[in-house]
Amino acid sequence: RKEVEQDPGPFNVPEGATVAFNCTYSNSASQSFFWYRQDCRKEPKLLMSVYSSGNEDGRFTAQLNRASQYISLLIRDSKLSDSATYLCVVNYAGNNRKLIWGLGTSLAVNP
Amino acid sequence: GAVVSQHPSRVICKSGTSVKIECRSLDFQATTMFWYRQFPKQSLMLMATSNEGSKATYEQGVEKDKFLINHASLTLSTLTVTSAHPEDSSFYICSARGLDINEQYFGPGTRLTVT
């Protein structure tokens, strides 16, 4: 089983749609969780950290369920510029704090 | 946010030659730098972790004699791909983390093509 699993997609949605991405992780000792965004042929950029209580940043909402070892990202009112690959990332505190990456979920927002 | 640069951004080299990639943290001291590789349509794969002044820790399956990492200062780490082969063609990305930073900042990546 992969340490971090995501649905690879692709998700094709019209502008204005709401889209949700899911991610599961296998190590219950995971301590930090992130969503990164990666555009084609570019480096990943941090989109948002994910906190236990859930957190929102504009149109983006991230949630964490530690019991189910599940993380989600919700994008509301999607824009063309949201088209990218969204990477779920988990950090194990005791492992030199290295990041464990999911394969990413591809999103295409269409006009 | 913190800034990390990589040089070169793109390099084409012939099989058998060596290529050096530089990663610099521009506005903070990077005690730890990470080197990743990403093949098309795949996720980032961590190759090695380097701490300033000590030997790099390589992930399983990554040949340390082929991918030489030097982290000689708090702002510079280098990755040298020795005797490059076409299968080494990939997107190489570094990231840097300081003592007080709870996240990693990524360089823009280096696209290596070995012909």
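Rules used throughout
Residues numbered from 1 in each chain as written. Chains lettered and ligands numbered in written order. Predicted model: local features only at pLDDT ≥ 70, side-chain atom pairs only at ≥ 80, totals over all residues. Heavy atoms only, no water. Helix = DSSP H or I, 4+ residues; strand = E, 2+ residues; numbered from the N terminus. Rg over C-alpha atoms; globule rule 2.2 N^0.38 Å. Buried < 20%, exposed > 50% of the residue type's maximum accessible area, 1.4 Å probe, protein only. Contact = heavy atoms within 4.5 Å. Areas by Shrake-Rupley, 256 points an atom, 1.4 Å probe, with all protein chains shown as cover. Lys, Arg positive; Asp, Glu negative; His and termini not counted. Charge placed at Lys NZ, Arg CZ, Asp CG, Glu CD. Phe/Tyr/Trp six-rings, centres within 6.5 Å; stacked < 30°, edge-to-face > 60°. Lys NZ or Arg CZ within 6 Å of the ring centre and 35° of its normal. Disulfide = S-S within 2.5 Å. Salt bridge = Lys/Arg side-chain N within 4 Å of Asp/Glu carboxyl O.

Participant: What's the story with the overall build of chain A in this structure? I'm lost.
Facilitator: Helices and strands together make up the secondary structure of chain A, namely zero helices and 11 strands. When the helices and strands of chain A are listed from N to C terminus, the series reads β-β-β-β-β-β-β-β-β-β-β. Relative to the globule expectation of 13 Å for 111 residues, the C-alpha radius of gyration of chain A, 13 Å, shows essentially globular dimensions. Once the C-alpha set of chain A is aligned to its principal axes, its extents read approximately 45 × 30 × 20 Å. Looking at chain A as a whole, 45% of its 111 residues qualify as buried. In chain A, of all internal contacts separated by at least 6 residues, the share reaching a separation of at least 24 is 57%. Summed over all atoms, the accessible surface of chain A reaches about 5400 Å², with 48% contributed by carbon and sulfur. Mean positive and mean negative side-chain charge positions of chain A (12 and 10 charges, respectively) differ by 6 Å.

Participant: It is not clear to me how unusual backbone geometry should be interpreted in this structure. Could you clarify?
Facilitator: Note on backbone geometry: most residues besides glycine have negative phi, and most peptide bonds are trans. With an omega of 5°, the peptide bond running from G9 of chain A to P10 of chain A counts as cis. Here the residue pair H7 of chain B and P8 of chain B is connected by a cis peptide bond, since its omega of 0° sits within 30 degrees of zero. Positionally, P8 of chain B belongs in the loop between β1 (4-7) and β2 (10-13).

Participant: Can you help me understand the packing of aromatic side chains in this one?
Facilitator: Ring pairs (aromatic) are described by centroid distance and by the angle formed between their planes. A complete count under the given rule lists 11 aromatic pairs over all chains for this structure. Every member of this aromatic cluster is reached through a ring pair, and the members are F34, Y36 and W101 of chain A together with Y36 and F106 of chain B. Lying over the aromatic face of F67 of chain B, K66 of chain B brings its terminal NZ or CZ to 5.8 Å of the ring centre.

Participant: Would you mind going over the state of the cysteines with me for this structure?
Facilitator: Simply put, the disulfide is a covalent bond whose two ends are the sulfur atoms of two cysteines. Here the structure, examined in full by the defined rule, presents two disulfides over all chains. A sulfur-sulfur distance of 1.9 Å marks the disulfide that ties C23 of chain A to C88 of chain A. Where C23 of chain A bonds to C88 of chain A through sulfur, the torsion about that S-S bond is close to -75°, and the disulfide is left-handed. Of the two residues, C23 of chain A is situated in strand β3 (residues 19-25) and C88 of chain A in strand β9 (residues 84-92); the sequence distance between them amounts to 65 residues. Judged by its relative accessible area of 1%, C23 of chain A is buried. Between C23 of chain B and C94 of chain B runs a disulfide, and the two sulfur atoms are separated by 2.0 Å. Between C23 of chain B and C94 of chain B the disulfide shows an S-S torsion of about 75°. By sign, it is right-handed. One end of the pair, C23 of chain B, is in strand β3 (residues 19-25); the other, C94 of chain B, is in strand β9 (residues 90-97), with 71 residues separating them in the sequence.

Participant: Explain the pattern of salt bridges to me, please; I cannot follow it from the model alone.
Facilitator: Side-chain pairing between opposite charges can occur once the charged atoms of the two side chains come close. According to the stated counting rule, one finds seven salt bridges over all chains in the structure shown. Two residues, D82 of chain A and R59 of chain A, come together in a salt bridge whose shortest N-O distance is 2.8 Å. With D82 of chain A in the loop between β8 (70-75) and β9 and R59 of chain A in the loop between β6 (55-57) and β7 (60-65), the pair connects residues that are 23 residues apart, well separated along the chain. Taking relative accessible area as the criterion, D82 of chain A reaches 3% and is therefore assigned buried. Of the residues examined, R59 of chain A reaches a relative accessible area of 22% and is grouped as partly exposed. Of the charged contacts in the structure, one is a salt bridge between R24 of chain B and E22 of chain B, with a shortest N-O distance of 3.4 Å.

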